[in-house]
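# Notes for the structure review
The chain contents come next:
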Amino acid sequence: METPVALSTELEDEKMSSYNHSELQSHLSFLLRLAYRTQYSILTELDFEFASGKTRPDLCLLPKRQANWLVDEVVVQDVPITTIEILSPEQSLNSLIERVYKKHFPAGVKTVWIVSPSLQIVTIFQPNRQHTNFTEGNVVDPVTGVQLSLAEIFEG
């Protein structure tokens, strides 16, 4: 039987979606796949179990690999290069940032994007605590070189 603390920690990673959240996840997945499908595997809602804990980012970029349709992975051990988190209506920004620094970066993730739907801002975080806010123009990841138009991400 799980302890209440372990159960609480797992439930923290479970987040309810919303229309805007889903719309942004679809936009990002489409835009990333369109431009970068030969360089990266772009995946949504994938469960990772790192030494630093379990997590399920909204999207992630892994080095390009072929899907094996005969053998599946329920929990992936590989570490993504980039994870993307979309702020949900019931999430606090502080708890999301805490998860990024306690789980994603200790596992070896190079950059994390946090997308704020209501403010139409994308912030890219790096393990050294540097971050860049994008409010117009192109979102440019300093590690991967991935570039997306902010207007296309938030296209209505």
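Residues numbered from 1 in each chain as written. Predicted model: local features only at pLDDT ≥ 70, side-chain atom pairs only at ≥ 80, totals over all residues. Heavy atoms only, no water.

## Structural notes on the overall build of the protein chain
Threshold: The numbering of helices and of strands both runs from the N terminus, where a helix is a DSSP run of H or I of at least 4 residues and a strand a run of E of at least 2. For every residue, the accessible area (1.4 Å probe, protein chains only) is compared with the maximum for its type, and the residue is labelled buried under 20%, exposed over 50%, or partly exposed between those bounds. The accessible surface values rely on the Shrake-Rupley method and a 1.4 Å probe; as for residues, cover is taken only from the protein chains in view.
Within the protein chain, the secondary structure is distributed over four helices and ten strands. Traced from its N-terminal end to its C-terminal end, the protein chain shows the element sequence α-α-β-β-β-β-β-α-β-β-β-β-β-α. Expressed as a percentage of the 156 residues in the protein chain, the buried residues total 42%. By element, 54% of the accessible surface of the protein chain is carried by carbon and sulfur atoms, the whole surface being about 9,100 Å².

## Describing the packing of aromatic side chains
Just so we agree on the cut-off: Between the rings of Phe, Tyr and Trp (Trp by its six-membered ring), a pair exists once the centres lie within 6.5 Å; its type follows the angle of the planes, with under 30 degrees stacked, over 60 edge-to-face, and the other angles tilted. When the NZ atom of lysine or the CZ atom of arginine is within 6 Å of a ring's centre and also within 35 degrees of its normal, the charge is said to sit over that ring.
All chains considered together, the criterion is met by four aromatic pairs. The interplanar angle of 20° and the centroid separation of 5.4 Å between the aromatic rings of phenylalanine 48 and phenylalanine 50 together place this pair among those described as stacked. The rings of Tyr101, Phe105 and Phe125 are connected pair by pair, giving a single aromatic cluster. Its guanidinium or amino end placed over the ring of tyrosine 101, arginine 129 lies 4.2 Å from that ring's centre, counting from NZ or CZ.

## Considering unusual backbone geometry
Positive phi outside glycine occurs at glutamine 120, with the angle close to 55°. With respect to the secondary-structure elements, glutamine 120 resides in the loop between strand 6 (111–116) and strand 7 (121–125). Residues other than glycine seldom take positive phi values, yet arginine 129 does so here, at roughly 75°. Note on placement: arginine 129 falls in the loop between strand 7 and strand 8 (131–134). In this structure arginine 129 comes out as exposed when scored by relative accessible area, which is 57%.

## A short note on the pattern of salt bridges
This is how it is decided: Salt-bridge detection follows one rule: a side-chain nitrogen of Lys or Arg within 4 Å of a carboxyl oxygen of Asp or Glu.
Under the defined criterion, the tally for this structure stands at five salt bridges. For the salt bridge of glutamate 73 with arginine 65, the shortest nitrogen-to-oxygen distance reads 2.2 Å. On the basis of relative accessibility, which here comes to 35%, the residue glutamate 73 falls in the partly exposed class. Lysine 102 serves as the salt-bridge partner of glutamate 98, at 2.9 Å between the closest nitrogen and oxygen. Taken together, the residues span about one helical turn, with glutamate 98 and lysine 102 both in helix 3 (residues 93–107) at a distance of four residues. Judged by its relative accessible area of 54%, lysine 102 is exposed. It is possible to trace a salt-bridge network through shared partners that takes in Arg65, Glu73 and Asp78.

## Side note on the sheet that holds strand 4 (residues 59–63)
Convention followed: Pairs of strands are assigned from DSSP output, requiring at least two bridges between the strands. Geometry is summarised by axes, namely lines fitted to C-alpha atoms with helices restricted to the contacting stretch, and by angles between N-to-C directions that run from 0 to 180 degrees.
Ordered by their spatial adjacency, six strands build an open sheet running 1-4-5-6-7-8, and the pairing between neighbours is mixed. In this open sheet, the two strands that pair with only one neighbour each are strand 1 (40–44) and strand 8. Each strand of the sheet is rotated relative to its neighbour by a mean of 15°, with strand direction disregarded. As paired strands, strand 1 and strand 4 are joined by five bridges and run antiparallel to one another. By the bridge assignment for strand 4, serine 41 is matched with leucine 62.

## Some remarks on the nonpolar core
When a protein is soluble and globular, its nonpolar side chains tend to lie buried together. Threshold: Nonpolar cores are built from buried Ala, Val, Leu, Ile, Met, Phe, Trp, Tyr and Cys residues. Side-chain atoms within 4.5 Å join them into one set. The criterion used for residue contact is that any of the two residues' heavy atoms lie within 4.5 Å.
By size, the foremost hydrophobic cluster in this structure holds 22 residues, and its most contacted members are Leu28, Trp113, Val122, Leu148 and Ile153. Where this core is concerned, the elements lending two or more residues are helix 2 (19–36), strand 1, strand 4, strand 5 (82–86), strand 6, strand 7 and helix 4 (150–153). Apart from residues no more than four positions distant in its own chain, tryptophan 113 is found in contact with Leu28, Thr82, Thr83, Ile84, Glu85, Val122, Thr123, Ile124, Val139, Asp141, Val146 and Leu148.

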